[in-house]
Amino acid sequence: KTQVEQSPQSLVVRQGENCVLQCNYSVTPDNHLRWFKQDTGKGLVSLTVLVDQKDKTSNGRYSATLDKDAKHSTLHITATLLDDTATYICVVGDRGSALGRLHFGAGTQLIVIP
Amino acid sequence: DMKVTQMPRYLIKRMGENVLLECGQDMSHETMYWYRQDPGLGLQLIYISYDVDSNSEGDIPKGYRVSRKKREHFSLILDSAKTNQTSVYFCASSFGTGVYEQYFGPGTRLTVL
């Protein structure tokens, strides 16, 4: 059973627009949540990690929130660029120790058009 | 320059042939991973290595084995490859487990005919 659900599955926006990606999960316990960016044919690159019960992070045009009570996270991309075209993957870590596992979402494919 | 490398990047094999995928990292990370990525699915963990000769099965280890004889190098071996092992394989490394950031290689696209 999929424990990390991302929506939408795909999204097309015009350059300069803002967008919001969603991640809902049922992983328990939920130690941390990380967002990755995966360019086509490339590996995953970490954008941000959220740890606290209600957390917010900001990394340039990327900002993210986490609400562990709702088991929900959002990734906001402001003023999108063509280079933002990629798949964005939400990953939930169930523990902060060596016993922990990472649970990967299938990703949201974002396409930015001129 | 922090980097995870994978060789080869593309590989085509026939069913029943042996496959060797290689991964290297230059960050002296203790922990290394092998994942596979299939369309519509999240990455699935095949094996995790906590250090040299300290390997553990992940969620889908059947049909795979690994070798880690040097900290910077981690190999994935498919003995007698099957068509359902066609996938993109990613190697990753991290300083530790848990919240530590994982650094990913560019992937190897394996096709088993």
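What counts as what
Residues numbered from 1 in each chain as written. Chains lettered and ligands numbered in written order. Predicted model: local features only at pLDDT ≥ 70, side-chain atom pairs only at ≥ 80, totals over all residues. Heavy atoms only, no water. Helix = DSSP H or I, 4+ residues; strand = E, 2+ residues; numbered from the N terminus. Rg over C-alpha atoms; globule rule 2.2 N^0.38 Å. Buried < 20%, exposed > 50% of the residue type's maximum accessible area, 1.4 Å probe, protein only. Lys, Arg positive; Asp, Glu negative; His and termini not counted. Charge placed at Lys NZ, Arg CZ, Asp CG, Glu CD. Contact = heavy atoms within 4.5 Å. Buried area = accessible area lost by both parts, 1.4 Å probe. Salt bridge = Lys/Arg side-chain N within 4 Å of Asp/Glu carboxyl O. Polar contact = N/O pair within 3.5 Å; in protein donor to acceptor, adjacent residues only side chain to side chain. Nonpolar A, V, L, I, M, F, W, Y, C, P; charged D, E, K, R; others polar. 1 Å grid on protein atoms, 1.4 Å probe; cavity = no way out; pocket = protein on both sides within 12 Å on 5 of 7 lines; lining within 4 Å. Points joined across faces, edges and corners; volume = space filled by probe spheres on them. Core = buried A, V, L, I, M, F, W, Y, C linked by side-chain atoms within 4.5 Å.

### Examining the overall build of chain B
Turning to step 1, where the next piece is worked out: Scanning chain B for helices and strands turns up zero helices and 11 strands.
Turning to step 2, where the next piece is worked out: Mapped from its N terminus to its C terminus, chain B presents α and β elements in the order β-β-β-β-β-β-β-β-β-β-β.
Turning to step 3, where the next piece is worked out: Taken against the 2.2 N^0.38 rule, which gives 13 Å for 113 residues, the C-alpha radius of gyration of chain B at 13 Å falls within 12% of a compact globule.
Turning to step 4, where the next piece is worked out: Projected onto its principal axes, the C-alpha coordinates of chain B cover approximately 35 × 30 × 25 Å.
Turning to step 5, where the next piece is worked out: Taken over 113 residues, chain B has a buried fraction of 49%.
Turning to step 6, where the next piece is worked out: Across chain B, 13 positive and 13 negative side-chain charges occur, with their mean positions spaced 8 Å apart.

### Re the interface of chain B and chain A
Turning to step 1, where the next piece is worked out: At the junction of the two partners, chain B supplies 23 residues and chain A supplies 22 residues.
Turning to step 2, where the next piece is worked out: Carbon and sulfur atoms supply 54% of the area that chain B and chain A bury against each other, a total of about 1500 Å² over both sides.
Turning to step 3, where the next piece is worked out: Applying the counting criterion to the chain B and chain A interface returns one salt bridge.
Turning to step 4, where the next piece is worked out: Between B:D59 and A:R101 there is a salt bridge; the shortest N-O distance is 3.8 Å.
Turning to step 5, where the next piece is worked out: At the boundary of chain B with chain A, the tally comes to five residue pairs in polar contact (both at pLDDT 80 or more).
Turning to step 6, where the next piece is worked out: Among the secondary structure elements, those contributing two or more residues to the side of chain B that touches chain A are β4 (31-37) and β5 (44-51) of chain B.
Turning to step 7, where the next piece is worked out: When the residues that make up the side of chain B that touches chain A are grouped by side-chain class, the tally is 11 nonpolar, eight polar and four charged.

### Looking at the layout of surface pockets
To find the voids left in a structure, one rolls a probe of water-molecule size over its atoms.
Turning to step 1, where the next piece is worked out: The calculated volume of the largest pocket comes to roughly 1200 Å³.
Turning to step 2, where the next piece is worked out: Lining the largest pocket are 46 residues, and of these A:A106, B:Q37, B:D38, B:L41 and B:G42 lie nearest its centre.
Turning to step 3, where the next piece is worked out: Those elements that provide at least two residues to the lining of the largest pocket are β1 (4-7), β9 (86-93), β10 (102-104) and β11 (108-113) of chain A together with β5, β9 (87-94) and β11 (108-112) of chain B.
Turning to step 4, where the next piece is worked out: For the lining of the largest pocket, a count of residues per class yields 17 nonpolar, 20 polar and nine charged.
Turning to step 5, where the next piece is worked out: In this structure, the second largest pocket encloses a volume near 300 Å³.
Turning to step 6, where the next piece is worked out: A:G43, A:L44, A:V45, B:F104 and B:G105 are the residues nearest the centre of the second largest pocket, which is lined by 17 residues in total.
Turning to step 7, where the next piece is worked out: Sorting the residues of the lining of the second largest pocket by element identifies β5 (44-50) of chain A together with β10 (103-104) of chain B as the ones contributing at least two each.

### With respect to the nonpolar core
Turning to step 1, where the next piece is worked out: Formed by 22 residues in total, the largest nonpolar core has its most connected members in A:V4, A:Y25, A:L33, A:W35, A:L75, A:Y88 and A:L110.
Turning to step 2, where the next piece is worked out: Elements supplying a minimum of two residues to this core: β3 (19-25), β4 (32-38), β5, β7 (62-67), β8 (72-77), β9 and β11 of chain A.
Turning to step 3, where the next piece is worked out: In this view, A:L33 contacts A:C23, A:Y25, A:T48, A:V49, A:L50, A:L66, A:S73, A:C90, A:V91 and A:V92; residues no more than four positions away in its chain are not counted.
Turning to step 4, where the next piece is worked out: B:V4, B:L21, B:C23 and B:Y89 belong to the second largest nonpolar core, which has 20 residues in total.

### Brief notes about the environment of A:D52
Residues and elements named next belong to chain A.
Turning to step 1, where the next piece is worked out: Relative to the elements of secondary structure, D52 occurs in the loop between β5 and β6 (54-59).
Turning to step 2, where the next piece is worked out: As for D52 and T65, which are separated by 13 residues in sequence, their C-alpha atoms are 9.9 Å apart.
Turning to step 3, where the next piece is worked out: Filtering out sequence-adjacent residues up to four positions away, D52 remains in contact with L66 and K68.

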